[in-house]
Amino acid sequence: MNNIVAIVGRPNVGKSTLFNRLIQRREAIVDSVSGVTRDRNYGKSEWNGKEFSVIDTGGYVRGSDDVFEGEIRKQVELAIDEADVIVFVVDVEEGITPMDETVAKLLRKVTKPVLLAVNKIDNAMREKDAVEFYNLGLGDYYTFASISGSGTGDLLDALVEAFPVKPEPVKEEVVLPRFAVVGRPNAGKSSFINALIGKDRFMVTDIAGTTRDAIDTKFDRFGFEFNLVDTAGIRRKAKVKEDLEFYSVMRSVRAIEHADICILVIDATRGFESQDQNIFWLAVKNRKGVVILVNKWDLVEKDTMSSRDYAEKIKKELLPFTDVPILFVSALTKQRLLKALETSVQVFESRQQRISTSKFNEHMLKVIEAYPPPATKGKYVKIKYCMQLPTPTPQFVFFANLPQYVKEPYKRYLENKIRENWDFSGVPIDIYIREK
């Protein structure tokens, strides 16, 4: 499990610039999910061989001075709750402001490592000005300039040092599939899980997850054995009324990274909203299997075509990845819950499947011969051999004489042909074209 780093501070101190610098290091960036919350709010970074997720809490403060304090408090509390290490960014040009003091007051109560990062220090004079930040009572500070990047190396060294040592998860003899139930607040995730659990006697053991907000519950029911990852988004936080979208994405990020299959629960009465799409693409980018459950189907007025039309509407939003199982369920009436489990297990099995190289070549080379890659600048691309890579998720490589001329549309054509012949429903596929 990745460590999570939260960047907090008042508006306009350079949090987002630091965030961009962290996730856009050459080669260090693993994946940067754009548009997950507002715009660029969650990314992955790596330093000294340690990978970590970065969350930028910026851009959520709205309204005038009197509203600021409440808003900042909410974001910082949420970030503190979620992160392993907190980077508190302040601005040397403006010195300590009342708002910095408010944030510092919150952070002083925290048991997690807090790194005080003083931004906009690009000369020796400013280095001296930074001394006043000792007054915040957070100990030593790190000076850097997020625009030029000077000083970020020392900050990152300290950051990686501060990560807690996480216990190695105890390996189980049988690795059970892990299903994370994700979705926006109020979609009915809890009801879905409660309906599945039924009574306590169906629960075999409770294994506390590697992170404190994913509890794996081991199920053995209806002939299925699996771990259901209960995300903290499900446990209602008392007295915290966060910015709901930001809240649900932060919770889902952790759950998604931790799972094999993501069961995305959406509310039939609200439709497939942008937040649901963000969570869906987050799962796809993390290469997880996805099953979409349209919950509260009993509340929707239906005619004979309604479920088909509804599914079509969702698929239109998911282009180009439309090969996803969509089921219409009701946690309240327990309608199709068993089917939802069967489908999730099926997606898990599809994600594990291995296609023998001889069979794969036999089928795919015929497909390529029937419709070869288009010629570019009078040069013809020839693909003579292909295979599935031995990776945890389905990845296929095609060896060509001129791989640079094989464009995205043709890769999609190859993917569609693979999906037509083998069942990869709900499973993201990677296609690589390499020089032979």
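Sequence order sets the numbering: in each chain, residues are counted from 1 along the sequence as written. The predicted nature of this model means local features are confined to residues of pLDDT at least 70 and side-chain atom pairs, given and counted, to a pLDDT of 80 or more, with totals for whole chains, interfaces and linings taken over all residues. Note that water and hydrogens are dropped before the side-chain values are worked out from all heavy atoms of the structure.

Student: So what exactly am I meant to see when it comes to unusual backbone geometry here?
Tutor: In most cases, non-glycine residues show a negative phi, while peptide bonds are predominantly trans. Omega for the peptide link from L319 to P320 comes to 0°, which places this bond in the cis form. The numbering of helices and of strands both runs from the N terminus, where a helix is a DSSP run of H or I of at least 4 residues and a strand a run of E of at least 2. With respect to the helices and strands, P320 occurs in the loop between α9 (306-318) and β14 (326-328). Here the phi dihedral of K334 falls at roughly 60°; this positive angle occurs in a residue that is not glycine. With respect to the secondary-structure elements, K334 resides in the loop between β14 and α10 (337-352). Although it is not a glycine, R336 adopts a positive phi angle of roughly 60°.

Student: For this particular structure, what's the right way to read the pattern of salt bridges?
Tutor: Close approach of charged atoms lets side chains of opposite charge pair. Salt bridges are defined as contacts in which a side-chain nitrogen from Lys or Arg sits within 4 Å of a carboxyl oxygen from Asp or Glu. On inspection of all chains with the given rule, the structure shows 10 salt bridges. Here E93 makes a salt bridge to R126, at a shortest N to O gap of 3.0 Å. Taken together, the positions of E93 in the loop between β5 (85-91) and α3 (98-108) and R126 in helix α4 (residues 124-129) put the pair 33 residues apart, joining distant regions of the chain. Residues R126 and D122 are paired through a salt bridge, measuring 3.5 Å at the closest nitrogen-oxygen approach.

Student: Got a minute to help me understand the packing of helix α6 (residues 189-197) against α10 in this structure?
Tutor: To describe two helices that pack against each other, one gives the angle between their axes and the distance between the axes. In contact at an axis separation of 11 Å, α6 and α10 are set at 95° when each is read in the N-to-C sense. With respect to each other, α6 and α10 are oriented roughly perpendicular. Where α6 abuts α10, its residues F192, A195 and L196 lie against L337, A340 and L341. Under the scheme applied here, ten amino acids are nonpolar (Ala, Val, Leu, Ile, Met, Phe, Trp, Tyr, Cys and Pro), four are charged (Asp, Glu, Lys and Arg), and all others, including Gly, are polar. Here the contact of α6 with α10 is built from residues that sort into 6 nonpolar, no polar and no charged. What counts as an axis is a line fitted to C-alpha atoms, over the stretch in contact for a helix, and the angles between N-to-C directions run from 0 to 180 degrees. For classification, angles of less than 35 degrees are called roughly parallel, those exceeding 145 degrees roughly antiparallel, those between 65 and 115 degrees roughly perpendicular, and all remaining angles oblique. Whether two residues touch is decided by their heavy atoms; if any such pair falls within 4.5 Å, the residues are in contact.

Student: In this structure, what is going on with the pairing of β5? I would like to understand it.
Tutor: Put simply, side chains in a regular strand alternate between the two faces of the sheet. Of all 7 residues in β5, 7 are buried, a share of seventy percent or more. Three exposure classes are used, based on accessible area relative to the maximum for each residue type with a 1.4 Å probe and protein chains only: buried under 20%, partly exposed in between, and exposed over 50%. Every second residue of β5 is oriented toward a common face, with V85, V87, V89 and D91 on one face and I86, F88 and V90 on the other, all of them buried. Bridge count for strand β1 (residues 3-8) against β5 is 4 bridges, and the pairing is parallel. Residue A6 lies in a different strand from β5, and its bridge partner there is I86. As paired strands, β5 and strand β6 (residues 114-119) are joined by 6 bridges and run parallel to one another. Bridging from a neighbouring strand, V89 pairs with A117 of β6. Strands are treated as partners if at least two bridges between them are detected by DSSP.

Student: Help me understand the nonpolar core, please; the structure alone is not making it clear to me.
Tutor: The nonpolar side chains of soluble globular proteins are, as a tendency, buried together. In this structure, F192, F360, F396, F398, L414 and I418 are the most contacted members of the largest nonpolar core, which totals 50 residues. Here the element with the most residues in this core is α10; it accounts for 6 residues. Those residues in contact with F192, other than ones at most four positions away along the chain, are V181, I263, L293, A331, L337 and A340. Here, the term nonpolar core denotes a set of buried Ala, Val, Leu, Ile, Met, Phe, Trp, Tyr and Cys residues that are joined through side-chain atoms within 4.5 Å.

Student: Before we go on, may I ask you to explain the sheet that holds strand β16 (residues 395-400) in this structure?
Tutor: Sheet strands line up and pair through hydrogen bonds in the backbone, either parallel or antiparallel. Ordered by their spatial adjacency, 3 strands build an open sheet running β15-β16-β17, and the pairing between neighbours is mixed. Looking at strand neighbours, the two that pair on one side only are β15 (383-388) and β17 (430-435), the edges of this open sheet. Strand-to-strand twist of the sheet, defined as the mean angle between neighbouring strand axes without regard to direction, takes the value 20°. With 5 bridges connecting them, β15 and β16 associate as antiparallel partners. The partner of M387 across the bridge, within β16, is V397. Sitting on the sheet, helix α11 (residues 357-370) is in contact with β15 and β16, with an inclination near 140° to β15. Where helix α12 (residues 408-421) meets the sheet, its contacts fall on β15, β16 and β17, and the angle it forms with β17 comes to roughly 125°.

Student: Where do I start with the packing of aromatic side chains in this structure?
Tutor: Geometrically, a pair of aromatic rings is defined through the distance of the ring centres and the angle of the planes. The aromatic pairing rule takes the rings of Phe, Tyr and Trp, using the six-membered ring of Trp, and pairs them if the centres are within 6.5 Å, calling planes under 30 degrees apart stacked, those over 60 edge-to-face and the rest tilted. A complete count under the given rule lists 16 aromatic pairs for this structure. A ring pair is formed by Y310 and F328, whose centres lie 5.8 Å apart and whose planes are at 85°; its orientation type is edge-to-face. Highlighted residues: Y310 in helix α9 and F328 in strand β14, separated in sequence by 18 residues. You'll find Y310 and F328 in the same group, each marked buried. When the ring of Y410 is compared with that of Y413, the centres are 5.3 Å apart and the planes differ by 40°; the resulting orientation is tilted. Taken together, the positions of Y410 and Y413, both in helix α12 and 3 residues apart, correspond to about one turn of that helix.

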